[in-house]
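# Secondary and tertiary structure notes
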Amino acid sequence: MGESKQKRRKHAAVLDGCPWCIYCGGDVRATTVDHVPPIIMFAQRRRPKGLEFGSCEPCNGGTKHADLVAAMVGRSMPNSGTKAGGEEMESIFSAINNNIPGLLQEMHIPREVQSAAGWREENGGLLRTDGRLVSSHMQTFAFKIGFSLYYELTKKVLPKTGGVVARWFSNVDRLTGAFPQDVFEHLLPPNTLRQGQFEVSDQFAYQWRLAEEERMAMFLATFSQSFAVIAFAATDRGLFDTETKHPFKICAPGELMSVLRG
Ligand SMILES: [Zn+2]
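Definitions and cut-offs
- Residues numbered from 1 in each chain as written.
- Predicted model: local features only at pLDDT ≥ 70, side-chain atom pairs only at ≥ 80, totals over all residues.
- Pairing = 2+ DSSP bridges.
- Helix = DSSP H or I, 4+ residues; strand = E, 2+ residues; numbered from the N terminus.
- Axes fitted to C-alpha atoms, helices over the stretch in contact; angles between N-to-C directions.
- Buried ≥ 20, exposed ≤ 12 C-beta atoms within 10 Å, placed from the backbone.
- Parallel < 35°, antiparallel > 145°, perpendicular 65-115°, else oblique.
- Contact = placed C-beta atoms within 7 Å.
- Nonpolar A, V, L, I, M, F, W, Y, C, P; charged D, E, K, R; others polar.
- Core = buried A, V, L, I, M, F, W, Y, C linked by C-beta atoms within 7 Å.

## Description of the sheet that holds strand β3 (residues 163–170)
- Strands sit in the order β3-β8-β7-β6 across an open sheet of four strands; the sheet is antiparallel. On the outer flanks of this sheet lie β3 and β6 (204–211), each paired with one strand and no other. Ignoring strand direction, the axes of neighbouring strands in this sheet form an average angle of 15 degrees.
- In this structure, β3 lies alongside strand β8 (residues 227–234), joined through eight bridges in antiparallel fashion.

## A word on unusual backbone geometry
- Here Val 36 and Pro 37 are connected by a cis peptide whose omega angle stands at 0 degrees.
- One non-glycine residue, Lys 155, adopts positive backbone phi at about 60 degrees.
- Inspection of the secondary structure assignment puts Lys 155 in the loop between α7 (132–154) and β3.
- Look at Lys 155 and you get exposed, because 9 C-beta atoms sit within 10 Å.
- Even without being a glycine, Glu 213 presents a positive backbone phi close to 50 degrees.
- Mapped onto the secondary structure, Glu 213 falls in the loop between β6 and β7 (216–223).

## Let's talk about the pairing of β8
- For β8, the buried fraction is high: eight of the eight residues fall into the buried class.
- Alternating positions in β8 separate into two faces, Phe 227, Val 229, Ala 231 and Ala 233 on one and Ala 228, Ile 230, Phe 232 and Ala 234 on the other, with burial throughout.
- Where β7 lies against β8, eight bridges are found, and the strand directions are antiparallel. When the bridges of β8 are listed, Met 216 appears paired with Ala 234.
- Two successive antiparallel strands, β7 and β8, enclose a turn made up of three residues, where Ser 224 displays a positive phi of approximately 45 degrees.

## A look at the packing of helix α3 (residues 64–74) against α7
- Look at α3 against α7: their axes get within 8 Å of each other, and the N-to-C directions meet at 100 degrees. Regarding the angle of α3 to α7, the classification is roughly perpendicular. Facing α3, whose interface residues are His 65, Ala 66, Asp 67, Val 69, Ala 70 and Val 73, α7 presents Val 134, His 137, Met 138, Thr 140 and Phe 141.
- When its residues are assigned to classes, the contact of α3 with α7 shows seven nonpolar, three polar and one charged.

## Things to note about the environment of Arg 29
- Note that Arg 29 resides in the loop between α1 (3–17) and β1 (32–35).
- Of the residues examined, Arg 29 has 12 C-beta atoms within 10 Å and is grouped as exposed.
- Expressed as a C-alpha distance, the spacing of Arg 29 and Cys 18, which sit 11 residues apart in the sequence, is 9.3 Å.
- Residues contacting Arg 29, with those up to four places away along its chain left out, are Pro 19, Trp 20 and Cys 56.

## Re the nonpolar core
- The biggest cluster of nonpolar side chains holds 63 residues, and the ones touching the most others in it are Val 69, Ile 145, Phe 219 and Ala 231.
- The leading source of residues in this core is α7, at 10 residues.
- The residues touching Val 69, leaving out its near neighbours within four places in the chain, are Ile 96, Leu 103, Val 134, His 137 and Met 138.

Structure below.
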């Protein structure tokens, strides 16, 4: 069986189980399969199967650049130290350069500033992550984590009345204490993608918990030593207003691209 035929068959199997776009509230047909996290997040593109979701083309295609940026940030620490790893990073950088003009410039911290800050280059590059372009792409990726893990946990598409609140934290946020360490106390033990003996917990792990009589769920996804996403999904957006006071944007189903559109 040819590779593309095999791929088509695999996609058909995912869409059989998940026929509606997980990002659109349950009434838009899924026509594509979205991997969350994306294949490019993983060294040598070796990604165990699992966490593959039905998605409409606008949601899947429209967030490809967010996936690309997340892969770059996710793979920035630790530096793989291998030639193959370096080449893969180069190709991610060049894809970003071609597709998202200005983003790399926005993230660049001059080498002198890095070393003045006591940063050792063998740890990987230190990147500025508060710029507008990187923030909007990472925010979009963080929303995807909320929608997709909600589906994985409940096997239900988050309904139209629902929403996701999500925030991503860089490794710097962890050092400075901006990352809420007590989050771990609220969650079940971490899981990762695995296929037989092969597992990728050094690159990706996720944990979760249902709350509010299953009307709300909390998620944490961590990517190497690079960044983490904390997300909440609720079946009713009203739950966010009453239960959690937060200044963050709520992403309703069908609005995945709203942050990138600005
Ligand atoms: Zn969609």
